[in-house]
Amino acid sequence: MSNSFYITTPIYYINGTPHIGHAYTTIAADCLARHKRQAGFDVYFLTGTDEHGQKVLKAAQESGLSPIEFADQIIPVFKKTWEKLSITYDDFIRTTEDRHKEAVQYFLQQLYDKGDLYSGEYEGLYCVPCEVFWTEKQAQDHLCPDCKRPLEKIKEKNYFLNISKHQDWLLDYIEKNPEFIRPESRRNEVLAFLKENKLNDLCVSRPHTRLSWGIALPFSPEHVTYVWFDALINYISALGFPHDKAKFEKFWPCAVHLMAKDILRQHAVIWPIMLHSLGIAPPRMIFSHGWWLVEGEKMSKSVGNVVNPLDIIDEFGIDVFRYFLLREVPFGSDGVFSKEALIRRFNADLANDLGNLVYRTLTMAEKNFEGRIPELKECELDAIGRDKIMPKIKGLNAAVNECLEKFDFTGALSAIWELVGVANKYVEETKPWNLKKEGKVKELENFIALLIAVIRVVASEIAPFMPHTASKINAQIKDDHVEKGEPLFPRIVKEKTK
Ligand code: MSP
């Protein structure tokens, strides 16, 4: 079994700055990357930016810059945001980099040489802002089915990828590989789509006269590559395709492409067929999560309901934001973002549960044993310690692994918090102040040793989700003594009452 783990986020459009939707996918990918690294995997975590196409050209024109100047000034905003969210990507790809352009041109040339790209007269209804062609049948009112703006009738020479040829292969592949598209509901959607529709060949070029900002087709310089064809190749250009065979073979096929459901079809239909046309294996998994909604709508620049992740972390902290996004809604479902919900989670799970457990345990260690950590003697534990807590401590890593194998972040966090909850209950039931009064020193030692063992394993398992909290806890619990700090999560009092 290979020890490598290649995980990607979509490459984001740069006509806006990152919002919490982009942060969500990137944080989820970061959590998995950290988790796999912690488990000893050789991880390659890729994110980046999608810089060609009409949208970027338009945004650049509006700011009076050339497209590349525009891109160069916005990339630092992306990088800074990911840095502030403690994103540990291994590579950040820009589609304007030479390594990417070369890979796209190589890809195109190979397809052309094989005869899988052919030229033809294209006539269709085109949505300029979305950069998508629609058929008469799809858009009978000549309005874009996605954005509802008027479509333009266009006739021009273009190049097409023969994707219809591979439809049966793809259908068969998806059917034989149940893990290829996740979650199940999305897999069923793609299967139904492929069964009910005959795929049209994909127009992979745009005449230079209509779109100047893109990668030129090597065999027809008066055309540039369609932005999606260009963008999807980032997943292999970042691995050094086609020249760096060692790196490519080490990490491809990709363990998982993460994205939201808006771009599932490009990833689950176009991309595997593009790869298959060149005899390259498809990614092992495509996981499509849900949308964060704000006031009932998908967040978008045009709706004007964008939440900036940097504002949230300034107010609540990085780990709180990461925790909230991954805990609040099951990965795959839609969620509603609100500060009230975040504060509720903060007070309940972080202040009352985890923060309290750490603070009270370290306080007891200081008060009773001058900060020394007593030795854990399993054979001397009481019934709750032995039967309820110890098995949970020993089983936590496996439980978290099992959940994260299924991208079940909420499940993994619930398993961790179940142990925190049991430990807090143990404190309330044991009443350590009585042990002290009754002079039961041995019992008190075991009790505190067990709580420290709980906190240690919790710190280790939350590290991929909340790296700073894990470090703070580890800094307070040394090998043989504790050094209590400030409470980790002081309660937020401005919670709204309903
Ligand atoms: N550039 C293309 C992707 C090319 S990948 C080869 C693109 N870019 S995008 O900037 O629009 O990013 C879309 C992705 O951002 C979604 O698939 C998702 O990962 C993330 N999200 C954007 N808004 C989101 C929400 N409101 N909620 C959850 N995720 C969101 O499409």
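Shown above is the structure to which this text applies.
Residues numbered from 1 in each chain as written. Predicted model: local features only at pLDDT ≥ 70, side-chain atom pairs only at ≥ 80, totals over all residues. Heavy atoms only, no water.

Before going further, it helps to examine the packing of aromatic side chains. Inspection of every chain in the model, using the stated rule, returns 34 aromatic pairs. Linked through ring pairs, Tyr6, Tyr44, Tyr106, Phe107, Phe229, Tyr235, Phe241, Phe248, Phe251, Trp252 and Trp271 together constitute an aromatic cluster. Cation over ring: Arg265 sits above Phe193, and NZ or CZ is 3.6 Å from the ring centre. (Phe/Tyr/Trp six-rings, centres within 6.5 Å; stacked < 30°, edge-to-face > 60°. Lys NZ or Arg CZ within 6 Å of the ring centre and 35° of its normal.)

As a further point, take the pairing of strand β4 (residues 117-127). Two faces, one strand: in a regular strand the side chains alternate between the faces of the sheet. Relative to strand β6 (residues 152-161), β4 runs antiparallel, the two sharing 10 bridges. Among the inter-strand pairings, Ser119 is bridged to a residue of β6, identified as Tyr159. Two elements, β4 and strand β5 (residues 132-134), share three bridges in a ladder whose sense is antiparallel. By the bridge assignment, Tyr126 is partnered in β5 with Phe133. Counting the residues in the hairpin turn of β4 and β5 gives four residues, including Glu131, whose phi is positive at 60°. (Pairing = 2+ DSSP bridges. Helix = DSSP H or I, 4+ residues; strand = E, 2+ residues; numbered from the N terminus.)

Counting residues in each nonpolar core, the largest one holds 110 residues, and the members touching the most others are Leu258, Phe321 and Phe337. Discounting chain neighbours no more than four positions away, the residues touching Leu258 are Ile7, Thr8, Thr9, Pro10, Thr25, Ala28, Ala29, Leu32, Phe287, Phe331 and Phe407. Counting residues in each nonpolar core, the second largest holds 58 residues, with Val204, Ile233, Phe241 and Trp271 among its members. (Core = buried A, V, L, I, M, F, W, Y, C linked by side-chain atoms within 4.5 Å. Buried < 20%, exposed > 50% of the residue type's maximum accessible area, 1.4 Å probe, protein only. Contact = heavy atoms within 4.5 Å.)

A separate point is helix α13 (residues 339-369). The sharpest bend along α13 comes to roughly 40°, located at Asn356. Two residues or fewer past α13, Glu370 is found with a positive phi of approximately 50°. (Bend = angle between axes of the 7 residues up to and from the residue.)

This next bit is on the environment of Val454. Relative to the elements of secondary structure, Val454 occurs in helix α17 (residues 441-462). Exposure remark for Val454: the relative accessible area of 0% places this residue in the buried category.

This part takes up the sheet that holds β4. Pairing is antiparallel in the open sheet, where four strands are placed in the order β5-β4-β6-β8. Only two strands of the sheet have a single partner each, and these edge strands are β5 and β8 (202-203).

Near the ligand, the surroundings consist of 25 residues, among which Ile11, Thr25, Asp50, Asp262 and Trp292 are the closest. Between the ligand and the protein, one listed contact pairs a nitrogen atom with a backbone N or O atom of Ile11 at 2.8 Å. A distance of 2.7 Å is found between a nitrogen atom of the ligand and a side-chain nitrogen or oxygen belonging to Asp50. Protein contacts shield 95% of the accessible area of the ligand, which totals 680 Å² for the unbound molecule. Secondary-structure elements contributing two or more residues to the shell around the ligand are β1 (4-13), α1 (20-38), α7 (227-232), α8 (234-237) and β12 (256-260). When residues of the shell around the ligand are assigned to their parent elements, the largest contribution, four residues, is made by β1. (Near = heavy atom within 4 Å. Polar contact = N/O pair within 3.5 Å; in protein donor to acceptor, adjacent residues only side chain to side chain. Areas by Shrake-Rupley, 256 points an atom, 1.4 Å probe, with all protein chains shown as cover.)

One open sheet holds the six strands; their spatial order is β3-β2-β1-β12-β13-β7, and the pairing between them is parallel. Each end of this open sheet is capped by a strand with a single partner; those strands are β3 (91-94) and β7 (181-182). Sheet topology places β7 next to strand β13 (residues 286-289); two bridges connect them, and they run parallel. Each bridged residue has a counterpart across the sheet, and for Ile181 the counterpart in β13 is Ile286.

As enumerated under the stated definition, the model contains 30 salt bridges in all. Lys58 is the salt-bridge partner of Glu62, the closest N and O atoms lying 4.0 Å from each other. One end of the pair, Glu62, and the other, Lys58, are both in helix α2 (residues 54-62), four residues apart, so they sit about a helical turn from each other. You can call Glu62 exposed: its relative accessible area is 63%. Among the ionic pairs, Arg187 bridges to Glu184, the shortest N-O distance being 3.7 Å. With a gap of three residues between them, Arg187 and Glu184 both fall in helix α6 (residues 184-196), about one helical turn apart. One salt-bridge network, held together by shared partners, links Asp30, Arg34 and Arg322. (Salt bridge = Lys/Arg side-chain N within 4 Å of Asp/Glu carboxyl O.)

Cis peptide bonds are those with omega within 30 degrees of zero, and the linkage from Arg182 to Pro183 qualifies with -10°. Looking at the element boundaries, Pro183 is found in the loop between β7 and α6. Non-glycine residue Glu370 carries a positive phi angle of around 50°. For Glu370, the location among the structural elements is in the loop between α13 and α14 (383-405). For Glu370, a relative accessible area of 78% corresponds to the exposed category.

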